[in-house]
Amino acid sequence: MRIERRAVAGRPARRTAAGVAVVSAAALALTACSGGTGESAGFADELDPEEEITLSLAWWGDDDRANKYEEAVALFEEQNPNIQVDTNWIAFDDYWPARNTEAASGSLPDVLQMDLSYLRQYGATGQLADLSEAFDTNLDVSGFDEQLLAAGAIDGAQYGIPTSTNTLALFYNADVLDQVGVEPPAEGYTWDDYAAFVEEVHEAGSGEDPAIFGSGDYTTTFWFFCQWLIQQGTEPFTDEGELGFTEEQMAEFLELGADARETGVFFPIEKTKQLEPLGAFTVSEAASEMSWDNFLAGYVAETEQDIRMLPMPSGDNGPQMFWKPSMLLSASANTEHPAAAAALIDFLVNAPEVGTIFGTSKGNPAVAAQRDAMEVEPGSVDEQVVAFEEDVAELVTEPAPIPVEGFGAIEAEYKRLGEELQYGNVTVDEFVTQWFAFAESNVGQS
Amino acid sequence: MSATATADAPVRAAAPRQPRRPGARRRADVAAGYTFLSPWLLGFVLLTAGPMLASLYLAFTDYDLFRAPTWVGLENFTEMFSDARYLKSAQVTALYVFVGTPIKLAAALAVAMLLNMKFSGQGGYRSAFYVPSLVGASVSVAIVWKAMFIDDGVVDRIQQSVGAPAGGWVGNPDMTMPMMILLAVWQFGAPMVIFLAGLKQIPAELYEAASVDGAGPLRKFWNITLPMLSPVLFFNLLLETIHSFQVFASAFIISGGTGGPADSTNFYTLYLYTRGFVQFDMGYASAMAWVLVLVVGVITALMFRTSRAWVHYSGEEN
């Protein structure tokens, strides 16, 4: 009572306001510091079926994926009546700012979909739990290929469990190629062969309305550069989390597209920017495009045409492709229900029903039980993706590069400079200099 | 306040049936006042002042959202001078503010003067011109705007029909700024309504007297309308300038969050967002925010300073 009165007397507002401000600023700083404790005990604890638990789960994707997740989550809740899962999803680009702010306050969702590009960023800073603690108890990883599972680990700590695999592919639109009378690249084609193909399509298709192009500028996508590096015998990233390539190599790769850029052979950047979020390939104005193989479903749905897949262009030793573990699932280091979080991940990666629900929409399922459970209809998109991954399996000879910390930022910068390059605002040399300067201040800050 | 309080106190103390200490009633009033204010106060302190103080501290640190901030002194501020993307974003924003705002105000004043004339259905027109301001800041309008200026969109078709096809404005770095300024100008409703209110305040006698002296419409505009309207003009100019420094949503939507093509719509706040939430340079982003606060503050102060020369308040001696 007395204290209260004293607070009201005097100059109440200013003093208390200043006090609260200082406290709240301090609180902000504190929560910022407490982001990474790295503590992750309890993942091996037995699940108590009596305890009422609410888990949060977040992923990126579209409506279609949301429906599939909801269906899978409903099954999980049915099998674990004491656990309720609150779901939250958003598009990829908006997903990361949201997670980043949560990470800053140590309030990441209990279980979250994780991308390889961000795994190191979140793992190395203590945001994610080491799930290996839950192996053999709440999380069964016996169905995983060892190398694939290792792709979700950093320095022995299992920060993410891959749910599926992707590999890079060249997509081409057979209907569009028929229309302009050009043959698709032959098996074993090289990067030079592909450049010649792109030019041929451009020449044959320039009379069409709208004009048909061979491809957009494929040298301005960072992952394709990584693929090319591997074919050159260079690991894109070192084990120490640093860049493994030189400025000369980046310039050499960008020069692969120099002639086509100069002579207007590529699909024009002005149009690309206007089509976003669609692309030249999805509106059938480009005959081919490189991308991840799980894009097939989207391409077929958008173009409603005959879309086929080829392995990536070859280097001296063939395509030397790699499986990229995709759509990893991670648990927050701060989760209050580690055992339940591990159980949810276990269900999502192992349950055959979940394999049936998702099909190949996230890539080829990592665990055989889920692959076998897919109801692959003859002639379906799923069948095509599965067949492609089986076909190229022998061409996949390399381990996936583990992105460095800051990968998301350097990948985006590569894309941005790629646009400047296509607009003619920077030269290849300027591109390389600027990119490396950017990478220097953004890669591996630990 | 304190003067009245001391004058009050003896009177209260002498009054019967007032056994409590002097000033208790007044304190209770003050307490009640702050209690009623508390929702706003709490919101201000926790949601505005607190984060602002935190960002002031962070501006002098290297902070990536994941690790504890480390003190780097003025490094963030010095980096801005050598950051080409920062300088470009400052340039783009300045162009937008200093070209866009005058055009927008001119449009608002012109339409306000038209609507100030006496004709039937005037209320309908007023609403019609105001509508864009209500919907203008929304996401959907930015999307529609992009669709209008895209390759083979409405604007491109009109250009085709007059024989000047441009292939769409959205993908052409030289045309995106005019497009963004047009979007801003189109939302002139708020300043227009304020101008209209100002115009209605100008006494008709002034115009009548000028007519008698043989002044034409231009002369009346220059010597009567503008001076009489100058306080309102000043108010609008101030508000719109500050407002357009903060342009974000429309550029974010139209460029898909990138500020493209080729950074031509990479406005200050958009780049700040990119540095903070995409590249995890929260320290640098905080420093950028404080530079913006300072710049807007200085420009506002300058406007107030020059306003003495050109703003005339009624009843004021020249």
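In this text the structure is predicted, and so the values were computed from the model without any measurement. (Residues numbered from 1 in each chain as written. Chains lettered and ligands numbered in written order. Predicted model: local features only at pLDDT ≥ 70, side-chain atom pairs only at ≥ 80, totals over all residues.)

Chemist: Hey, could you run me through the overall build of chain A in this one?
Modeler: A count of helical and extended segments in chain A gives 19 helices and 14 strands. Taken over the C-alpha trace, chain A has a radius of gyration of 25 Å; the compact-globule value for 446 residues is 22 Å, and the two agree within 12%. Seen through its C-alpha atoms, chain A measures out along the principal axes to roughly 90 × 55 × 40 Å. Going through the 446 residues of chain A one by one, you find that 47% of them count as buried. Sequence separation of 24 or more characterises 75% of the internal contacts of chain A that already satisfy a separation of 6 or more. (Helix = DSSP H or I, 4+ residues; strand = E, 2+ residues; numbered from the N terminus. Rg over C-alpha atoms; globule rule 2.2 N^0.38 Å. Buried ≥ 20, exposed ≤ 12 C-beta atoms within 10 Å, placed from the backbone. Contact = placed C-beta atoms within 7 Å.)

Chemist: Is there a simple way to think about the packing of helix H4 (residues 84-115) of chain B against helix H11 (residues 217-245) of chain B in this case?
Modeler: Two measures define how a pair of helices packs: the angle their axes make with one another and the distance between the axes. Residue and element names in this part refer to chain B. For the pair H4 and H11, interaxial distance at closest approach is 9 Å and the crossing angle is 145 degrees. Both H4 and H11 take part in a crossing whose hand is right-handed. Seen from H4, the contacting residues are Thr93, Tyr96, Val97, Gly100, Thr101, Lys104 and Leu105; seen from H11, they are Asn236, Leu237, Glu240, Thr241, Ser244 and Phe245. Tallied by class, the residues present in the contact of H4 with H11 amount to five nonpolar, six polar and two charged. (Axes fitted to C-alpha atoms, helices over the stretch in contact; angles between N-to-C directions. Left-handed = near helix turned anticlockwise from the far one by under 90°. Nonpolar A, V, L, I, M, F, W, Y, C, P; charged D, E, K, R; others polar.)

Chemist: I tried to follow the UniProt feature "transmembrane region" (unreviewed entry) in chain B on my own but got confused; where do I start?
Modeler: All names here are of chain B. With numbering matched to this structure, UniProt assigns "transmembrane region" (unreviewed entry) to residues 30-60, 94-115, 127-145, 179-199 and 282-304. As a span, residues 179-199 carries 90% helix and 0% strand, and end to end its C-alpha atoms are 30 Å apart. The span residues 282-304 shows a helical share of 100% and a strand share of 0%, and its end C-alpha atoms are spaced 33 Å apart. (UniProt positions renumbered as here; feature names shortened; annotations may be inferred.)

Chemist: When you look at the domain arrangement of chain A in this model, what are you seeing that I'm missing?
Modeler: Note: interface size is frequently given as the accessible area lost on complex formation between the parts. All names here are of chain A. What the domain assignment reports for chain A is domain 1 (53-165 + 324-392) and domain 2 (168-323 + 401-442). Between the C-alpha centres of domain 1 and domain 2 there is a distance of 28 Å. Residue assignment for the side of domain 1 that touches domain 2 shows that the elements contributing at least two residues are helix H5 (116-124), strand S11 (324-326) and helix H17 (381-392). When the residues that make up the side of domain 1 that touches domain 2 are grouped by side-chain class, the tally is 11 nonpolar, seven polar and four charged. (Domains from an automatic or database assignment.)

Chemist: In this structure, what is going on with the packing of H11 of chain B against helix H14 (residues 282-310) of chain B? I would like to understand it.
Modeler: All names here are of chain B. Following both chains from N to C, one finds H11 and H14 inclined at 165 degrees, their axes separated by 11 Å at the closest point. Compared by their axis directions, H11 and H14 come out roughly antiparallel. In the packing of H11 onto H14, the handedness of the crossing is right-handed. Taking contact as the criterion, the partners of Ser230, Phe234, Leu237, Leu238, Thr241, Ile242 and Phe245 in H11 are, on H14, Leu292, Val296, Ile299, Thr300, Met303, Ser307 and Trp310. Tallied by class, the residues present in the contact of H11 with H14 amount to 10 nonpolar, four polar and no charged. (Parallel < 35°, antiparallel > 145°, perpendicular 65-115°, else oblique.)

Chemist: What exactly am I supposed to notice about the sheet that holds strand S9 (residues 307-310) of chain A here?
Modeler: The strands making up a sheet associate through hydrogen bonds between their backbones, and the pairing can be parallel or antiparallel. All names here are of chain A. A sheet is described by the order of its strands in space; here three strands give the open sequence S8-S7-S9, paired in antiparallel fashion. Strand pairing shows two members of the sheet lacking a second neighbour, strand S8 (288-292) and S9, which therefore form its edges. For this sheet, the mean inter-axis angle between neighbouring strands, taken without regard to orientation, is 35 degrees. Pairing of strand S7 (residues 168-173) with S9 involves four bridges; the strand directions are antiparallel. Each bridged residue has a counterpart across the sheet, and for tyrosine 172 the counterpart in S9 is arginine 308. Helix H13 (residues 296-303) contacts S7 and S9 of the sheet and is inclined by roughly 150 degrees relative to S9. (Pairing = 2+ DSSP bridges.)

Chemist: Just checking my understanding: could you explain the sheet that holds strand S12 (residues 328-331) of chain A for this structure?
Modeler: Residues and elements named next belong to chain A. Spatial strand order, S2-S1-S3-S12: four strands in an open sheet with mixed pairing. In this open sheet, the two strands that pair with only one neighbour each are strand S2 (83-90) and S12. When strand polarity is set aside, the average angle formed by the axes of neighbouring strands in this sheet is 25 degrees. Its contacts with the sheet place helix H3 (residues 63-79) against strand S1 (53-60) and S2, and it is angled at close to 170 degrees to S2. Running at roughly 170 degrees to S12, helix H14 (residues 338-350) makes contact with S1, S2, strand S3 (111-114) and S12 of the sheet.

Chemist: What am I meant to see in the nonpolar core here?
Modeler: A general tendency of soluble globular proteins is for nonpolar side chains to be buried together. Residue and element names in this part refer to chain A. Core analysis: the largest hydrophobic core is formed by 90 residues, its most contacted members being Val111, Ala342, Leu344 and Ile345. In terms of residue count, H14 provides more of this core than any other element does, nine residues in total. Aside from chain neighbours lying at most four places away, what touches alanine 342 is Phe43, Leu131, Ala134, Asn138, Leu139 and Ala331. Grouped together as the second largest cluster of nonpolar side chains are 64 residues, Phe197, Leu229, Val265 and Phe295 included. (Core = buried A, V, L, I, M, F, W, Y, C linked by C-beta atoms within 7 Å.)

Chemist: Just to check I follow, could you spell out helix H10 (residues 204-212) of chain B for this structure?
Modeler: Structural remark: α-helix, 3.6 residues per turn; residues separated by three or four positions point the same way. The element H10 of chain B is largely exposed, with a buried count of zero among its nine residues. Positive backbone phi, at 85 degrees, marks glycine 214 of chain B, one or two positions downstream of H10 of chain B.

Chemist: Help me understand the domain arrangement of chain B, please; the structure alone is not making it clear to me.
Modeler: Domain parsing of chain B yields domain 1 (1-47) and domain 2 (78-310). Put simply, the middle of domain 1 of chain B and the middle of domain 2 of chain B, counted by C-alpha atoms, are 46 Å apart.

Chemist: Mind showing me how you'd approach helix H2 (residues 24-58) of chain B here?
Modeler: Residues and elements named next belong to chain B. Taking 1.5 Å per residue, 35 residues should reach 51 Å; H2 reaches only 43 Å between its end C-alpha atoms and comes up short. Of all the bends in H2, the greatest, near 55 degrees, is centred on serine 38, and the proline proline 39 appears no more than four residues after it. Within H2, the full set of buried residues consists of Val45, Gly50, Ala54, Ser55 and Leu58. (Expected span 1.5 Å × (residues − 1). Bend = angle between axes of the 7 residues up to and from the residue.)

Chemist: When you look at the pairing of S7 of chain A in this model, what are you seeing that I'm missing?
Modeler: Taken residue by residue, a regular strand's side chains alternate between the two faces of the sheet. Residue and element names in this part refer to chain A. Within S7, six of the six residues are buried, leaving the element largely enclosed by the surrounding structure. What you see with S7 is no split at all: Leu168, Leu170 and Tyr172 on one side and Ala169, Phe171 and Asn173 on the other are buried throughout. Summarising the sheet, S7 and S8 pair through five bridges and their orientation is antiparallel. Each bridged residue has a counterpart across the sheet, and for leucine 168 the counterpart in S8 is tryptophan 292.

Chemist: Got a minute to help me understand unusual backbone geometry in this structure?
Modeler: Backbone phi values are negative for most residues with the exception of glycine, while trans is the configuration of most peptide bonds. Put simply, aspartate 209 of chain A and proline 210 of chain A share a cis peptide bond, and its omega is -5 degrees. Relative to the helices and strands, proline 210 of chain A is located in the loop between helix H8 (191-205) and helix H9 (222-231). Even without being a glycine, aspartate 263 of chain B presents a positive backbone phi close to 65 degrees. Along the chain, aspartate 263 of chain B turns up in the loop between helix H12 (249-254) and helix H13 (268-278). By C-beta crowding, aspartate 263 of chain B is classed as buried, having 25 other C-beta atoms within 10 Å. For phenylalanine 280 of chain B, which is not a glycine, the phi torsion comes out positive at approximately 60 degrees. Along the chain, the position of phenylalanine 280 of chain B falls in the loop between H13 and H14.

Chemist: How should the pairing of S3 of chain A be read in this particular structure?
Modeler: Residues and elements named next belong to chain A. In S3, alternate side chains face the same way, and those of Val111 and Gln113 on one face and Leu112 and Met114 on the other are all buried. Judged from the two bridges that link them, S1 and S3 form a sheet pairing that is parallel. Bridge assignment links leucine 57 to a residue of S3, and that residue is valine 111. Judged from the four bridges that link them, S3 and S12 form a sheet pairing that is antiparallel. Note on S12: the bridge partner recorded for glutamine 113 is leucine 329.

Chemist: Please clarify how the environment of proline 268 of chain A should be interpreted in this entry.
Modeler: Residue and element names in this part refer to chain A. Topologically, proline 268 is positioned in the loop between helix H11 (258-263) and helix H12 (269-275). Classification of proline 268 by C-beta neighbours within 10 Å gives partly exposed; the count is 19. Along the sequence, proline 268 and glycine 318 sit 50 residues apart, while their C-alpha atoms lie 30 Å from each other.

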